[in-house]
Amino acid sequence: MAAMAALRALRWRLLRTPGSGPARRLSTAEFPSPEEKPQFPGASADFADRLEFIQPNVISGIPVYRVMDRQGHIVNPAEDPQLPKELVLKLYRTMTLLNTMDRILYESQRQGRISFYMTNYGEEGTHVGSAAALDDADLVFGQYRESGVLMYRGYPLDLFMAQCYGNASDPGKGRQMPVHYGCRDRHFVTISSPLATQIPQAVGAAYAIKRADANRAVICYFGEGAASEGDAHAGFNFAATLECPIIFFCRNNGYAISTPTSEQYRGDGIAARGPGYGLMSIRVDGNDVFAVYNATKEARRRAVAENQPFLIEAMTYRIGHHSTSDDSSAYRSVDEVNYWDKQDHPISRLRHYMLSRGWWDEEEEKGWRKSSRKMVMEAFEQAERKLKPSVRLLFSDVYQEMPPHLRRQRAALEQHLQHYGEHYPLEHFEK
């Protein structure tokens, strides 16, 4: 009774304003009673008078948006992005050049020439389709399998090779393990190994861009395995509540190293999580470069115009091993891999499209494969001949002014090398 009296008093105060005379009657639509609508601040919902838990599988799965079928035919002409021939050729050449670089660097690791490598086989469409839809100034946070984004932005083969070899031309000065690229000029934030740490960092960058009113967006790539990390939760929630211009781009390639998606989660993938965080979400065919392009283009436009985060889940398949430290034959069949390699590959799908338009033929294919391999091999051979960075660089670039303890460590190393230098391959390092 006391609660009802307090509610009546509150309603009376809300209905009166100084000098307005007698209060007017409030309609039910304007001020519904607690019996008709919950007033809890944490959710927007109706009351239910039956005990019923929400079943996770009663809602049909989120559909997969596509533009092309597996044979490269446009399914719905209204969704065709109508990209010019020059742009489509750039998409194709970037994907195939990345594929060629992957094969050569993978083999170089197997021969002991570099220490580590990760291929992008089967996921090339997610890279170039999204990269083509961004503005050049948009900021990219990668995980470790987005080399095609950097390649699409014009990162030269020499620097890809220099980074993997850790030679004196490596912008990172040989301090990072292979495939951990970064390029300030191309707005590609340097990759770090710990899984999902880039997600909250990307949100922070997007919030700074919003505050600066910079007319830019941030795109943050990650795999479906990384979405199980706590950093993903923090990033999604911050992006929604702070209304940041960011695109979360999830490459759902079926495996988190050796763990299949069936053992990673029980819900409907990653896109289904978006609405719970307040994210605009979509699921696309990651092997369809046009579907990826359309989704990223629209997400980017709205993210900037509305200061709103978006989640794109690109369904694809990791054809290669997780890395050179992995043997995927231990947890999946050769037939499974062959299906995706032969029947549903993003490169072959786009090639079918180009062939049907008369934009490509077998002679051009042979010529491009030969010339692209030559370009990669030239950069590869050049990287192998170069010296490693000076060992003195181990101690620089941490502090603006080198502190005493690092100066002591550097002096100790120099003294050690003076006495035992013949036991080290110093001839391979710059002085």
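The following refers to the structure shown. (Residues numbered from 1 in each chain as written. Predicted model: local features only at pLDDT ≥ 70, side-chain atom pairs only at ≥ 80, totals over all residues. Heavy atoms only, no water.)

**Focus: the pattern of salt bridges**
Piece 1. Inspection of the entire model under this criterion finds 22 salt bridges.
Piece 2. A salt bridge links Asp 285 to Arg 349; its shortest N-O distance comes to 2.8 Å. Taken together, the residues Asp 285 in strand β7 (residues 280–285) and Arg 349 in helix α12 (residues 346–357) connect sequence positions 64 residues apart. Across the pair, Arg 349 and Asp 285 agree in class, each one buried.
Piece 3. Several salt bridges share partner residues, and in doing so they unite Arg 70, Asp 285, Asp 344 and Arg 349 into one network. (Salt bridge = Lys/Arg side-chain N within 4 Å of Asp/Glu carboxyl O. Helix = DSSP H or I, 4+ residues; strand = E, 2+ residues; numbered from the N terminus. Buried < 20%, exposed > 50% of the residue type's maximum accessible area, 1.4 Å probe, protein only.)

**Regarding the packing of helix α2 (residues 85–110) against helix α3 (residues 124–133)**
Piece 1. Between α2 and α3, the least distance of the axes is 10 Å, while the angle of their chain directions is 140°. On the basis of the axis angle, α2 is oblique to α3. Crossing of α2 over α3 shows right-handed handedness. For the pair α2 and α3, contact is made by Leu 91, Thr 94, Met 95, Leu 98 and Asn 99 and by Glu 124, Gly 125, His 127, Val 128 and Ala 132, respectively. (Axes fitted to C-alpha atoms, helices over the stretch in contact; angles between N-to-C directions. Parallel < 35°, antiparallel > 145°, perpendicular 65-115°, else oblique. Left-handed = near helix turned anticlockwise from the far one by under 90°. Contact = heavy atoms within 4.5 Å.)

**Some remarks on the packing of helix α6 (residues 198–212) against helix α7 (residues 230–241)**
How two helices pack is summed up by the angle between their axes together with the distance between the axes.
Piece 1. In contact at an axis separation of 7 Å, α6 and α7 are set at 20° when each is read in the N-to-C sense. Of the possible angle classes, the one that applies to α6 and α7 is roughly parallel. Every pair of crossing elements has a handedness; the one defined by α6 and α7 is left-handed. In contact with Ile 199, Pro 200 and Val 203 of α6, α7 contributes Asp 231, Ala 232, Gly 235, Phe 238 and Ala 239.
Piece 2. Of the residues belonging to the contact of α6 with α7, the class tally is 6 nonpolar, 1 polar and 1 charged. (Nonpolar A, V, L, I, M, F, W, Y, C, P; charged D, E, K, R; others polar.)

**Looking at a negative patch on the surface**
Piece 1. On the surface, a cluster of negative charge is made up of Asp 361, Glu 362, Glu 363 and Glu 364.
Piece 2. Tracing the backbone shows Glu 364 in helix α13 (residues 362–385).
Piece 3. The class for Glu 364 is partly exposed, based on a relative accessible area of 36%. (Patch = residues over 30% accessible without salt bridge, like charges linked within 9 Å, V, L, I, M, F, W, Y side chains within 5 Å. Areas by Shrake-Rupley, 256 points an atom, 1.4 Å probe, with all protein chains shown as cover. Lys, Arg positive; Asp, Glu negative; His and termini not counted. Charge placed at Lys NZ, Arg CZ, Asp CG, Glu CD.)

**Some points on helix α5 (residues 157–165)**
Piece 1. Burial analysis of α5 places 7 of its 9 residues in the buried class, the great majority of the element.
Piece 2. Taken together, the buried positions of α5 are Leu 157, Phe 160, Met 161, Ala 162, Gln 163, Cys 164 and Tyr 165.
Piece 3. Next to the buried residues of α5 lie α2, α4 (147–152) and α13.
Piece 4. Gly 166 lies just past α5 and shows a positive phi near 60°.

**Looking at the sheet that holds strand β3 (residues 218–223)**
Piece 1. Reading across from one edge, β2-β1-β3-β4-β8-β7 is the order of the 6 strands in this open sheet, with parallel pairing throughout. In the strand order of this sheet, the two ends are held by β2 (188–189) and β7, each with one partner.
Piece 2. When strand β1 (residues 139–141) meets β3, the two strands line up parallel, connected through 3 bridges. Across the sheet, the residue bridging to Phe 141 is Cys 220, located in β3.
Piece 3. In this fold helix α10 (residues 289–306) packs onto β3, β4 (246–252), β7 and β8 (310–315), with an angle of close to 165° to the strand it touches most, β7. (Pairing = 2+ DSSP bridges.)

**Details of the nonpolar core**
Piece 1. In terms of nonpolar packing, the biggest core is built from 73 residues, with Leu 91, Met 101, Tyr 117, Phe 290, Leu 350 and Met 354 touching the most fellow members.
Piece 2. Element by element, the count of residues in this core is highest for α2, at 12 residues.
Piece 3. Contact partners of Leu 350, with chain neighbours within four places excluded, come to Val 88, Leu 91, Tyr 92, Met 95, Val 289 and Phe 290.
Piece 4. Grouped together as the second largest cluster of nonpolar side chains are 26 residues, Ala 196, Ile 199, Ala 206 and Phe 236 included. (Core = buried A, V, L, I, M, F, W, Y, C linked by side-chain atoms within 4.5 Å.)

**Concerning the pairing of β4**
Piece 1. For β4, the buried fraction is high: 7 of the 7 residues fall into the buried class.
Piece 2. In β4, alternate side chains face the same way, and those of Ile 246, Phe 248, Cys 250 and Asn 252 on one face and Ile 247, Phe 249 and Arg 251 on the other are all buried.
Piece 3. As judged from the 6 bridges shared by β3 and β4, these two strands associate in the parallel manner. Bridging from a neighbouring strand, Val 218 pairs with Ile 246 of β4.
Piece 4. Sheet topology places β4 next to β8; 6 bridges connect them, and they run parallel. Of the residues in β8, the one forming a bridge with Ile 247 is Phe 310.

**Quick look at the packing of aromatic side chains**
Piece 1. The full count for this structure, using the stated rule, is 14 aromatic pairs.
Piece 2. Centroid distance Tyr 221 to Phe 249: 5.1 Å. Interplanar angle 55°. Geometry classified as tilted. Residue Tyr 221 is found in strand β3, and its partner Phe 249 is found in strand β4; the two are separated by 28 residues along the sequence.
Piece 3. Tyr 221 gets classed as buried once you look at its relative accessible area, which sits at 0%.
Piece 4. Between Tyr 339 and Trp 340 the ring centres are 5.2 Å apart and the planes differ by 85°, which places this aromatic pair in the edge-to-face class.
Piece 5. Residue class for Trp 340 comes out partly exposed when judged on its relative accessible area of 23%.
Piece 6. One Lys or Arg, Arg 103, reaches over the ring of Tyr 121 and ends 4.9 Å from the middle of that ring.
Piece 7. Over the ring of Trp 359 we find Arg 357; its NZ or CZ atom is 5.4 Å from the centre of that ring. (Phe/Tyr/Trp six-rings, centres within 6.5 Å; stacked < 30°, edge-to-face > 60°. Lys NZ or Arg CZ within 6 Å of the ring centre and 35° of its normal.)

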